[in-house]
Amino acid sequence: MDAASLLTGLLLGALLATAVTLGIVALFARRKPEETGLEPVHESLDHLHRLLAGMERARATAHGELREQMGTVGQTSAQLKHETAALVTALRTPHVRGRWGEVQLRRVVEVAGLLEHCDFVEQPTGTNDAGAGVRPDLMVTLADGKQIVVDAKVPFTGYIEAVQATDQAVRDQRVAMHARQLRTHVDTLAARRYPTAFRPAAPFTVLFVPSDGFLTTALEAEPGLLEYGFSRDVVLATPSTLLALLRTVAYSWRQERLAQDAEEVLEVGRRLHARLSTLSGHLIRLGAALGSTMTRYNETIGSYERSVLAASRRFDDLGVAESPVPVPTPLEATVRALRPADPLDEEESRDGTHG
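What counts, and where the lines are drawn
Throughout, residues of each chain are indexed from 1 in the direction in which the sequence is written. Predicted model: local features are reported for residues with pLDDT of at least 70 only, side-chain atom pairs are reported and counted for 80 or more only, and whole-chain, interface and lining totals are derived from all residues. Hydrogens and water molecules were not included; the side-chain quantities draw on all heavy atoms of the structure. Each helix corresponds to a stretch of at least 4 residues labelled H or I by DSSP, and each strand to a stretch of at least 2 residues labelled E; elements are numbered beginning at the N terminus. Type-normalised accessible area, obtained with a 1.4 Å probe on protein chains alone, sets the label of each residue: buried when under 20%, exposed when over 50%, and partly exposed for intermediate values. Only heavy atoms enter the contact rule, under which two residues are in contact if any of them lie within 4.5 Å. Accessible surface area values rest on a Shrake-Rupley calculation with a 1.4 Å probe, where residue burial reflects the displayed protein chains alone. Buried Ala, Val, Leu, Ile, Met, Phe, Trp, Tyr and Cys residues that are joined via side-chain atoms within 4.5 Å together make up what is termed a nonpolar core. Between the N-to-C directions of two axes lies an angle of 0 to 180 degrees, each axis being a line fitted to C-alpha atoms and, for a helix, fitted only over the stretch in contact. By definition in this entry, angles of less than 35 degrees are roughly parallel, angles greater than 145 are roughly antiparallel, angles of 65 to 115 are roughly perpendicular, and the rest are oblique. In this scheme, a crossing is called left-handed if the near helix is turned counterclockwise away from the far one by less than a right angle; it is called right-handed if the turn is clockwise. As a working rule, the residues Ala, Val, Leu, Ile, Met, Phe, Trp, Tyr, Cys and Pro are called nonpolar, Asp, Glu, Lys and Arg charged, and the rest polar, with Gly in that last group. The term salt bridge refers to a pairing of a side-chain nitrogen on Lys or Arg with a carboxyl oxygen on Asp or Glu at a separation within 4 Å. We call two strands paired when DSSP finds no fewer than two bridges between them.

### Digging into the overall build of the protein chain
Along the protein chain, the regular secondary structure elements total nine helices and seven strands. Counting the 355 residues in the protein chain, one finds 26% classified as buried. For the protein chain, restricting intrachain contacts to residue pairs at least 6 apart in sequence, the fraction spanning at least 24 positions comes to 65%. Of the roughly 23700 Å² that the protein chain leaves accessible, carbon and sulfur atoms contribute 59%.

Next up, the structure:
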């Protein structure tokens, strides 16, 4: 029973009860016309009549709105049925199925965090060892330079017919046909020998199944389908399993980039250390040269004082010179030797306790 029928029944019951009440009151009024104490009853009945009239109008409005909504639901259901039939018809076309699989594959790759033309290439072309040209849907590059070939052209006509089947026997037959189609496609990919066309490549091909339901339904009829694919170097992957695989690849790429950055930092550190060693050698030789220069300077002053200034003092004694000859002073400064810093001093400098 729907809401409209229930509402109609309640209103009819209320109207019937009101009619019975009115009849009893009218009969009672005819038997005692001289009594005037029934006026409040008449007023209550008039109010009830107006209330029931309002309820009837509201019911009619609600019934009309419900009918309009039911019509809209019917139109939407018909439109959805039509679009579903159109989608099923389109998916029966091979190139539409292939394009849908490519779109699904692209979304999985984007969610995995890989970058186009950097971590993967779409629709690459190559030539296998038999001389035949091949073009998979995707080629993922691993951190070590190897490549994984992915193909997304999966037949699933049998799956569509199995979903549409109303009889269980027909459904089982279509599911078995779907499993055979998937097995045949595994053989087709194995015959294309993708890994020989792209070197260095992993020794297997990933068969991307655009929906987990496709593979699950096929495994109902042929549980050993995955093992059969492994024996033919074909890995069947659904969006969830391929996403896990590509996430691992993306993580390995990030670790590889971090390792490369660390190697670059190490190389820069090595070059800086070599240059510091060269500069320290120059400073040591410069200090040694300065020390030798001061020694030679002091020796020259000593010789100058003994041989030259002693003779110039005679001029001073004879009153020939206007002023005495200035006497140069020897240099007493020492050149600081370059030595490694004391670890204790470095620790105190970091703690701010060493001035």
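### As for the nonpolar core
Counting residues in hydrophobic clusters, the biggest one holds 24 residues, and the most contacted among them are Leu 182, Val 186, Phe 198, Leu 207, Val 234 and Leu 236. For this core, the secondary-structure elements that each account for two or more residues are helix 4 (157-164), helix 5 (168-192), strand 6 (201-208), helix 6 (212-221), helix 7 (225-231) and strand 7 (234-237). Broken down by element, this core gets its largest block of residues, four residues, from helix 5. The next biggest cluster of nonpolar side chains, apart from the first, holds 19 residues, and it includes Leu 105, Val 109, Ala 152 and Leu 246.

### Brief notes about the side chain of Asp 137
Position of Asp 137 relative to the elements: it lies in the loop between strand 3 (133-134) and strand 4 (138-141). The class for Asp 137 is buried, based on a relative accessible area of 3%.

### Some points on the packing of helix 4 against helix 5
At a closest axis distance of 7 Å, the pairing of helix 4 and helix 5 adopts a crossing angle of 165°. Relative to helix 5, helix 4 is oriented roughly antiparallel. Along this stretch, helix 4 crosses helix 5, giving a crossing that reads as left-handed. Across the interface between the two elements, Thr 157, Gly 158, Tyr 159, Glu 161 and Ala 162 of helix 4 pack against Arg 171, Arg 174, Val 175, Met 177, His 178 and Gln 181 of helix 5. Across the contact of helix 4 with helix 5, the residue classes break down as four nonpolar, four polar and three charged.

### Observations concerning the pattern of salt bridges
All told, the structure shown has nine salt bridges when counted by the stated rule. Among the salt bridges present, the one from Asp 137 reaches Lys 153, with a minimum N-O distance of 2.7 Å. Taken together, the residues span a long stretch of sequence, with Asp 137 in the loop between strand 3 and strand 4 and Lys 153 in the loop between strand 5 (147-151) and helix 4 at a distance of 16 residues. According to the relative accessible area criterion, Lys 153 is partly exposed, its value standing at 31%. Here Glu 267 ties to Arg 271 by a salt bridge, and the two come within 3.8 Å at their closest N and O atoms. Of this pair, Glu 267 and Arg 271 both sit in helix 8 (residues 239-318), four residues apart, which is roughly one turn of that helix. Judged by its relative accessible area of 35%, Glu 267 is partly exposed. Taken together, the shared-partner salt bridges in this structure form one network comprising Glu 267, Arg 270 and Arg 271.

### Some thoughts on the pairing of strand 6
With six of eight residues buried, strand 6 lies mostly within the body of the structure. Inspection of the sheet shows strand 5 paired to strand 6 by four bridges, in the parallel sense. The residue bridging Asp 151 from the neighbouring strand is Leu 207, located in strand 6. In this sheet, strand 7 lies alongside strand 6 in parallel orientation, the contact comprising four bridges. Of the residues in strand 7, the one forming a bridge with Leu 207 is Leu 236.

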